[in-house]
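Close look at the chain arrangement
Residues per chain, in single letters:
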Amino acid sequence: MPGNTSPGRRVGSLLGVLLSLATLAACTPSRTVTVASRDVTVAGPAGGGPAAPTTTVQGGFLPGPSGPSRSAGGGTRGGPSTTAPAPKGVIKLGTILPLQGGQRDFGEPVLRTTQAFVDELNLRGGVAGYRLQLIAYNACLTCQDEALTAARRLVEQDQVFALVNTYPMVIAFQSVIPYLVSKRVPLVQGGAENQTSDALSPINFASAPSGLFYARFLSMMAVRYAKATKVAIAYLNVPSEANGIPLLERELGRLGAKVVDKEPIGAAEEAVTNMDSAVVRMRAAGADGVLATNPVVLIFGRLAAQRQGWDVTWVGEAAWSSLVEGGCGATCDKFVITDTAGLSYIDRNSPQMHQYLDTMRRRYPGGQITGHTLAAWVGMQLLTQVLAPVGAPDRDRFLSTLEATTNLDLGTTSPLTFGPDRHLGGTASILLMLKNGLYIRTSGEINFGDADPP
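Let me begin by describing the structure that accompanies this report. The numbering scheme is per chain: residues are counted from 1 as the chain's sequence reads. Residues qualify for local features only when their pLDDT is at least 70, as the model is predicted, and side-chain atom pairs are given and counted only at 80 or more; totals for whole chains, interfaces and linings, by contrast, use all residues. Note that water and hydrogens are dropped before the side-chain values are worked out from all heavy atoms of the structure.

The next thing to look at is the pairing of strand β11 (residues 289-292). Residue burial is assigned from relative accessible area. The probe radius is 1.4 Å, only protein chains are included, and a residue is buried under 20% of its type maximum, exposed over 50%, and partly exposed in between. Helix and strand labels come from DSSP, where a helix needs a run of H or I of at least four residues and a strand needs a run of E of at least two; each type is numbered from the N terminus. Both faces of β11 are covered, namely the face carrying G289 and L291 and the face carrying V290 and A292. The pairing criterion for strands is at least two bridges between them, as found by DSSP. The pairing of strand β9 (residues 230-236) with β11 spans four bridges and is classified as parallel. The residue bridging A234 from the neighbouring strand is A292, located in β11. Relative to strand β12 (residues 313-316), β11 runs parallel, the two being bridged by four bridges. Bridging across to β12, L291 finds its partner in V315. Running through helix α10 (residues 295-307), the crossover from β11 to the neighbouring parallel element β12 is right-handed. The handedness rule is simple: strands pointing away from the viewer, and a clockwise path from the first strand over the helix to the second, make the crossover right-handed.

Reading across from one edge, β10-β9-β11-β12-β13-β16-β17 is the order of the seven strands in this open sheet, with mixed pairing throughout. Every other strand in the sheet has two partners, leaving β10 (258-265) and β17 (438-446) as the edge strands with one partner each. Going from strand to strand, the sheet's axes swing by 25° on average, the running direction of each strand aside. Direction of pairing for β9 relative to β10: parallel, over a ladder of seven bridges. Residue pairing for β10: A234 is matched across the bridge by E263. Each of β11, β12, β13 (336-339), β16 (429-435) and β17 is contacted by helix α5 (residues 211-225), which is oriented at about 40° to β16, the strand it contacts most. Fitted lines through C-alpha atoms give the axes, limited to the stretch in contact for helices. The angle between two N-to-C directions lies from 0 to 180 degrees. Here, two residues are considered to be in contact whenever any of their heavy atoms come within 4.5 Å of each other.

As a further point, take the sheet that holds strand β7 (residues 187-188). Pairing in this open sheet of six strands is parallel, and the strands run β5-β4-β6-β7-β8-β15 from one edge to the other. Here the strands that pair on one side only, and so sit at the sheet edges, are β5 (130-138) and β15 (424-426). Relative to strand β8 (residues 204-209), β7 runs parallel, the two sharing two bridges. Within the sheet, the bridge partner assigned to L187 lies in β8 and is N204.

Okay, the packing of aromatic side chains next. Only rings of Phe, Tyr and Trp enter the pairing, Trp through its six-membered ring, and a pair is recorded when the two centres are within 6.5 Å. The plane angle decides the type: under 30 degrees is stacked, over 60 is edge-to-face, the rest tilted. Counted according to the given criterion, the structure contains eight aromatic pairs. With centroids separated by 5.6 Å and ring planes inclined at 75°, the aromatic side chains of F205 and F418 adopt a geometry described as edge-to-face. Here F205 is found in strand β8, whereas its partner F418 is found in the loop between β14 (408-409) and β15, with 213 residues between them in sequence. On the basis of relative accessible area, F205 is assigned to the buried category, the value being 0%. Look at Y214 and F217: their rings are 5.9 Å apart centre to centre, the planes differ by 90°, and that puts the pair in the edge-to-face class. A residue pair is termed a helical-turn pair when its members lie 3 or 4 positions apart in one helix, as Y214 and F217 do in helix α5 at three residues. Among the aromatic residues, those joined into a cluster by ring pairs are F213, Y214, F217 and F448. For a ring to carry a charge above it, either NZ of a lysine or CZ of an arginine must fall within 6 Å of the ring centroid while also lying within 35 degrees of the normal to the ring plane. A cation over a ring is seen here: R112 above Y364, with NZ or CZ 5.9 Å from the ring centre.

Count a disulfide wherever a pair of cysteine sulfur atoms falls within 2.5 Å. Taken as a whole, this structure holds two disulfides when the rule is applied. The partner cysteine of C140 in its disulfide is C143, sulfur to sulfur 1.8 Å. On the sign convention where negative means left-handed, the S-S torsion of about 90° between C140 and C143 marks this disulfide as right-handed. With a sulfur-sulfur separation of 1.7 Å, C328 is cross-linked through a disulfide to C332. Measuring the twist about the S-S bond at about 85°, one finds the C328-C332 disulfide to be right-handed. Given the relative accessible area of 6%, C328 is considered buried. Cysteines bonded in the protein chain are numbered consecutively along the chain; their disulfide partners then correspond to 1-2, 3-4.

In structure tokens, the structure reads:
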């Protein structure tokens, strides 16, 4: 959290970021602990969705170095050759992020990670013979007009091939998505609050699991891991969350749990930070567990419950989040269960994860190694993985190739599967809890399958 902003300003910024793609947040370095009662991995779906392919396609690697790259000491280390081949040309990519004022703490880590990937890739010869160029513009988290102006400039003046890693811009991109659709400009790892289907839009792809995945996954978390039989649901009273409550209620019922209370929380600072009355009602209804659909609701709800001495488990999509560690800390120990939003945990021993960690530590010593930055790295992995076989900046071929990508293991996420009606590609997630105010991993990758559509 920014150290130079007031609590009110921090919460307002959080609400702007977390209304929809709440799970792409920050994480902490590896602290792996096995909790016997919760260390459960389910291979493949348990019903409700199509079975995943049995074999994965390995991808997401940076190519071997073809030129000098910086070492940890600031010098260079040579690759197989001292000069990269002459590029065919330049592929321009654009991003729009909050890069000014207090909100820059949300945007700058994403931008730094994206630029680090671009720089490292270019040192290694680029992709399909092309060098990448990243162009970034500022827009505040809730400024739709500002974001649309920036998008128009990127597309019409800068002539970018695609936009990348705009997932913090949930509200601001409500006006941008229709424009990008009209121009057929790809958006990789983006989000907008009014995207209600797994397809997101014809041009938008992200690595998080789908809403139907989470309808079953969250319900399983509440019943199987929190041991709740009488569940209260707390959610932000916005369409992207409210519309999914009947589906959650149905899935909980199928697992034998009863929904005893539903608490819509206003999407405003005062409503979220003062949840005591909602907690009183959930407690009076006899709830023995709470399912929260938003990390801000989860955190402030748990804090309100602690003030009242109501120690039941809260589950939800609070992500791999320094928000939870900083905002809830030890108060959330044992009473909050969340997940990684389809990302691998930081301790995964894969070459791709090591490339991410090595690059970030060399280029930004002491900088963030977080789920926020890992998600940005994943966005670039996915874009270049698909662009390489396309071989040229052809938008239509890029989009059709991405839609045909199945069971792709980037080494930093669960296997990704896309399709014409599936642009949220994540297929599994990992359970997390807090111990001494810090995250610990409590499971391997879990996939219970998607819920049946409503």
